[in-house]
Structure formats: structure tokens, C-alpha cells
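# Survey of secondary and tertiary structure
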Amino acid sequence: MFDIQGTLVSLELVEKFFCCDLDTCLGACCIEGDAGAPLTQDERRKIEEILPDIWDDLLPRAQEEIKENGVAYLDPEGELVTQIIDGKNCVFTCYEPGGLCSCAIEKAYRAGKIDFRKPISCYLYPVRIKQFPTFTAVNYDRWKICKCAEVMGRKQGIRAYQFLKQPLIDRFGQEWYDELVANCELYIKQYLSD
């Protein structure tokens, strides 16, 4: 682990190669799993605020779920997460030609309709953040649906911390990221170089 400004960062962020391969996985992280994406209370409020801007891109079943139960719920561990339909699909999933899953929130952001990109837990994936009383854990989440991203990352020589540069900066700041890079580069030189 790296200890960076009160966060403990898993070495897997430097040891694992990662680069999303949407042509292969088709955005499966939006429609797989047993709970929605983790949210902060601020993110829940922001999603409620921008809901009219993304409403027409949502699936009819997702619109029904949101009308009945809201945009988020507490999962079995008591964590606030995005609402899901059919026991797994995020309500903000929309589909592109060829079956590619995309996020209605990010679609509106890219079109300049809103100023909120998507929940940070989605933007940071495959990193998961866990807050403890005295520190924050930054962990790499291994999931079989992302195997193709590990293969693509290795092929392109992109490590997880490099792929996640902007979301890590958005979450922790430039100074934190610069310190992470320095630690990763030293680790690579000492332990991963041939």
C-alpha cells in the first residue's frame, strides 16, 4: 500500500494494467452486479436536480422505478446506491446501437446539457473508495467482466493509475495524484522493471 495524504492506496493500481474495452464488454458494469453504483448524498441531490434533463433517455421501466422508489436506495450494507431495475441494471443505463450500454447522465454531460459527469464511484471504476474513521482506502476491484480491460491495458501499456488519472484528480486533487505518480514510478523502477 501507498500512504498518500491520509489515504491507503492499493498497490494493484500500479501493478494492474487497465484500459476499458467497450467494444468487448459493451459497458457491462452498468448492468451487472447485485446493487447500484455507490452515491454520496450530494450526488443523490444532484441527480434529482438534473433528472428532467436526462428523463427522456431513460428506459420506460427505469422511469417507473424512479417514480415509485426514487433515484437511490440503501443496499443491504446500508450504503446509498443508484436505483436498479430487474435486480441488476442501473436505472441510468441507456443503450446505443449494437447493444452498447451507456450512462444517460454522462451522455447529457458530454452533450453540454448538465455540469455533472456521473457519480464518482462510476467515474473511478475499477477503483472503489472506502471511508474508515482514520483513513480512506483506495482499492482496485477485480471483476471478471473487466478482464478485457486488463488485457487491453497490458497491450497498450496503461496501468490502472494512469487510466484513472482524471477521475483520481477530480476526487483527490492534483497534488495527491502527483504524489501517487511519484510513488508508482518509484515502485515500478524498484519492483516491476526487468
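Structural data are supplied above this passage.
Keep in mind the model is a prediction, meaning the values are calculated, not measured.

Criteria and thresholds
- Residues numbered from 1 in each chain as written.
- Predicted model: local features only at pLDDT ≥ 70, side-chain atom pairs only at ≥ 80, totals over all residues.
- Heavy atoms only, no water.
- Buried < 20%, exposed > 50% of the residue type's maximum accessible area, 1.4 Å probe, protein only.
- Helix = DSSP H or I, 4+ residues; strand = E, 2+ residues; numbered from the N terminus.
- Pairing = 2+ DSSP bridges.
- Axes fitted to C-alpha atoms, helices over the stretch in contact; angles between N-to-C directions.
- Contact = heavy atoms within 4.5 Å.
- Salt bridge = Lys/Arg side-chain N within 4 Å of Asp/Glu carboxyl O.

Burial analysis of strand β10 (residues 136-140) places four of its five residues in the buried class, which makes it a mostly covered element. Across three bridges, the pairing between strand β2 (residues 7-9) and β10 is parallel. Within β10, the residue paired with T7 across the bridge is T136. Sheet topology places strand β9 (residues 127-131) next to β10; five bridges connect them, and they run antiparallel. Bridge pairing links V127 to Y140 in β10. Hairpin geometry of β9 and β10 is characterised by an intervening segment of four residues between the two adjacent antiparallel strands.

Reading across the sheet, the four strands line up as β1-β2-β10-β9 and stay open at both edges, with mixed pairing between neighbours. Of all strands in the sheet, those bounded by a partner on one side alone are β1 (2-4) and β9. Taken pair by pair, the neighbouring strands of this sheet meet at an average axis angle of 25°, ignoring direction. On the sheet, helix α9 (residues 165-172) packs against β2, β9 and β10 and is oriented at approximately 15° with respect to β9. Together, β1, β2 and β10 form the strand contacts of helix α10 (residues 174-192), whose direction differs from that of β1 by roughly 160°.

On to the pattern of salt bridges, then. Tallied over the entire structure, the rule returns eleven salt bridges. Where D42 meets R45, a salt bridge forms, and the shortest distance between an N and an O atom there is 2.4 Å. In this pair, D42 and R45 both sit in helix α3 (residues 41-54), three residues apart, roughly one turn of the helix. Residue classification places D42 among the exposed residues on the basis of a relative accessible area of 55%. We classify R45 as partly exposed; its relative accessible area is 42%.

Another aspect to go through is unusual backbone geometry. The residue after Y125, namely P126, is reached through a cis peptide bond having omega 25°. Among the secondary structure elements, P126 is positioned in the loop between α6 (120-123) and β9. Phi angles above zero are rare outside glycine, and Q5 is one such case at about 50°. Checked against the element boundaries, Q5 lands in the loop between β1 and β2. The class for Q5 is partly exposed, based on a relative accessible area of 43%. One non-glycine residue, D86, lies in the positive phi region at around 55°.

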